[in-house]
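# Survey of secondary and tertiary structure
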Amino acid sequence: MFDQLREDIACIHERDPAARSRIEILTCYPGLHAILVHRLAHGLWRRGWYWAGRFVSHLGRLLTGIEIHPGARIGRRVFIDHGFGVVIGETAEIGDDCTIYQGVTLGGTRLYKGEKRHPTLEEGVVVGAGAQILGGFTVGAHARIGSNAVVIKPVPAGATAVGNPARVILPEDHTAPAPAAGDAQGTAATRDAGDGAGARQPDATPATAARRATPSPCEEGAPPSQSEWAARPLQELLQRGRQESASADGTASQEDFAPYGVSRADDDPLVKVLHELINHTAQQDARIQRLCSALEDLGQRIENGQHPLDAERLNRMVE
Ligand SMILES: CC(=O)SCCNC(=O)CCNC(=O)[C@H](O)C(C)(C)COP(=O)(O)OP(=O)(O)OC[C@H]1O[C@@H](n2cnc3c(N)ncnc32)[C@H](O)[C@@H]1OP(=O)(O)O
Ligand SMILES: N[C@@H](CO)C(=O)O
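Presented here is a report on the structure given in the accompanying data block. (Residues numbered from 1 in each chain as written. Chains lettered and ligands numbered in written order. Predicted model: local features only at pLDDT ≥ 70, side-chain atom pairs only at ≥ 80, totals over all residues. Heavy atoms only, no water.)

## Here we look at helix 8 (residues 311-318)
Residues of helix 8 that are buried include every one of Ala311, Glu312 and Asn315, and no others. Down the axis of helix 8, the buried set is contained in an arc of 95°. They therefore lie on one face. (Buried < 20%, exposed > 50% of the residue type's maximum accessible area, 1.4 Å probe, protein only. Helix = DSSP H or I, 4+ residues; strand = E, 2+ residues; numbered from the N terminus. Arc of directions from axis to C-beta.)

Structure, rendered in structure tokens:
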């Protein structure tokens, strides 16, 4: 228990430039107090003492202004900075080494009992002040959620999500295999504060969330790969989102209750049409480029002053 407290204090020291001493952290950090109270509340909850768990959690909220449902699963070295107004729902899971600022909600958009309604954060996720992450999907390891973002779809590992509704900015090496959603949930689930299994290596470095440099479609070898390059990441993202929605639902045929006007059942048809048009146009671009190259090989000179379509940028804009 004391080892865990020591690492809680050490991680705050590491991540908060404003922290000056251990005693200050121990006595003046509501985020630390909230985590300690949650461990007690969650222990009671897991033993089936639901009212007692709920009551302890309620006292924690009075003390800290941070509301964590006793059923939520929180990993090790999770730092809630400032914390006032943070709300963490019953089925939320937070992996090791996550950082959460004030005013964050890990919430739901549906009211079905017994299903996973709240998000899973994989390890090392940073959630900016005021961000709302709503739904039973996964935010991949080391993703960063901008302050005041409203996130309603899965975020891939290492990506940054900003805005309302949040747009996803993919990391540079977005082809690296991201942890599967199922793994993520399973892993986070075993990372209870109580057992601490699956702890991240202390020296693991967070993935950089540098944006993908947009390769020019005029680069060598671009024509055959351009449309794939433009379409694949997005399709994977959409596909993953749909799969997660379906598995989180378990009741795909049930009509979604959408208190915020947000349905997870499917993507906006207009957005789908726009993606198809953009990807189709990118494919046409690539074919025309190949035709031009073939004609040039035959000795025809083709004037081409037109910039090729930047499909990835357009696809991101409509998301
Ligand atoms: C008292 C206290 O200090 S409490 C602490 C409060 N601090 C926080 O909550 C920090 C939260 N961090 C953020 O919001 C950061 O801006 C991050 C994590 C999103 C930055 O992530 P990065 O990957 O470095 O993104 P970067 O700064 O390069 O910006 C990427 C794009 O997102 C935009 N952006 C960044 N933050 C936000 C935001 N919060 N909302 C909307 N757009 C944003 C940028 O303008 C940029 O847009 P562009 O691509 O159109 O130019
Ligand atoms: N505690 C962090 C954010 O407010 C800092 O001082 O920078």
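Continuing now.
## Looking at the nonpolar core
Among the nonpolar cores identified, the biggest contains 33 residues, and Leu121 and Ile145 are the most heavily contacted of them. Listed in part, the 8 residues of the second largest apolar core include Ile9, Ile12, Ile25 and Tyr29. (Core = buried A, V, L, I, M, F, W, Y, C linked by side-chain atoms within 4.5 Å.)

## Some thoughts on the site of ligand 2
With respect to spatial proximity, the complete set of residues near ligand 2 consists of Asp16, Pro17, Ala18, Asp81 and His82. Interatomic distance of 2.7 Å between a side-chain N/O atom of aspartate 16 and a nitrogen atom of ligand 2. At 2.7 Å, a side-chain N or O of histidine 82 approaches an oxygen atom of ligand 2. Bound to the protein, ligand 2 loses 62% of the 230 Å² it would expose on its own. (Near = heavy atom within 4 Å. Polar contact = N/O pair within 3.5 Å; in protein donor to acceptor, adjacent residues only side chain to side chain. Areas by Shrake-Rupley, 256 points an atom, 1.4 Å probe, with all protein chains shown as cover.)

## Brief notes about the environment of phenylalanine 79
On the secondary structure map, phenylalanine 79 appears in strand 3 (residues 79-80). Look at phenylalanine 79 and you get buried, because its relative accessible area is 1%. Each C-alpha atom of the pair phenylalanine 79 and tyrosine 29 lies 9.8 Å from the other, and the pair is 50 residues apart in sequence. In this structure, phenylalanine 79 is in contact with Cys11, Ile12, Arg15, Asp16, Tyr29, Cys98, Thr99 and Ile100, ignoring residues within four places of it in sequence. (Contact = heavy atoms within 4.5 Å.)

## Some thoughts on the sheet that holds strand 14 (residues 160-162)
Spatial strand order, 3-6-9-12-14-15: 6 strands in an open sheet with mixed pairing. The sheet is open, and its two borders are formed by strand 3 and strand 15 (167-169), each paired with just one other strand. Sheet topology places strand 6 (residues 99-100) next to strand 9 (residues 126-127); 2 bridges connect them, and they run parallel. Looking across to strand 9, one finds that isoleucine 100 is bridged to valine 127. (Pairing = 2+ DSSP bridges.)

## Notes on helix 3 (residues 30-46)
Taking 1.5 Å of rise per residue, the 17 residues of helix 3 would be expected to cover 24 Å, and the 24 Å separating its terminal C-alpha atoms lies within 8% of that figure. Turning to helix 3, its buried residues are Gly31, Leu32, Ala34, Ile35, His38, Arg39, Ala41, His42, Gly43, Leu44 and Trp45. Tucked inside the fold, the buried residues of helix 3 contact helix 1 (2-15), helix 2 (22-28), helix 4 (50-64), strand 1 (67-68), strand 2 (73-74) and strand 3. Phi turns positive one or two residues past the end of helix 3, at glycine 48, with a value near 85°. (Expected span 1.5 Å × (residues − 1).)

## Re the environment of isoleucine 169
The topology assignment puts isoleucine 169 in strand 15. Given the relative accessible area of 11%, isoleucine 169 is considered buried. Sequence spacing of isoleucine 169 and glycine 158 is 11 residues, and the spatial spacing of their C-alpha atoms is 9.2 Å.

## A look at a nonpolar patch on the surface
The grouping of Trp51, Phe55, Leu59 and Leu62 at the surface amounts to a nonpolar patch, some 480 Å² of accessible area in total. With respect to the secondary-structure elements, leucine 62 resides in helix 4. (Patch = residues over 30% accessible without salt bridge, like charges linked within 9 Å, V, L, I, M, F, W, Y side chains within 5 Å. Salt bridge = Lys/Arg side-chain N within 4 Å of Asp/Glu carboxyl O.)

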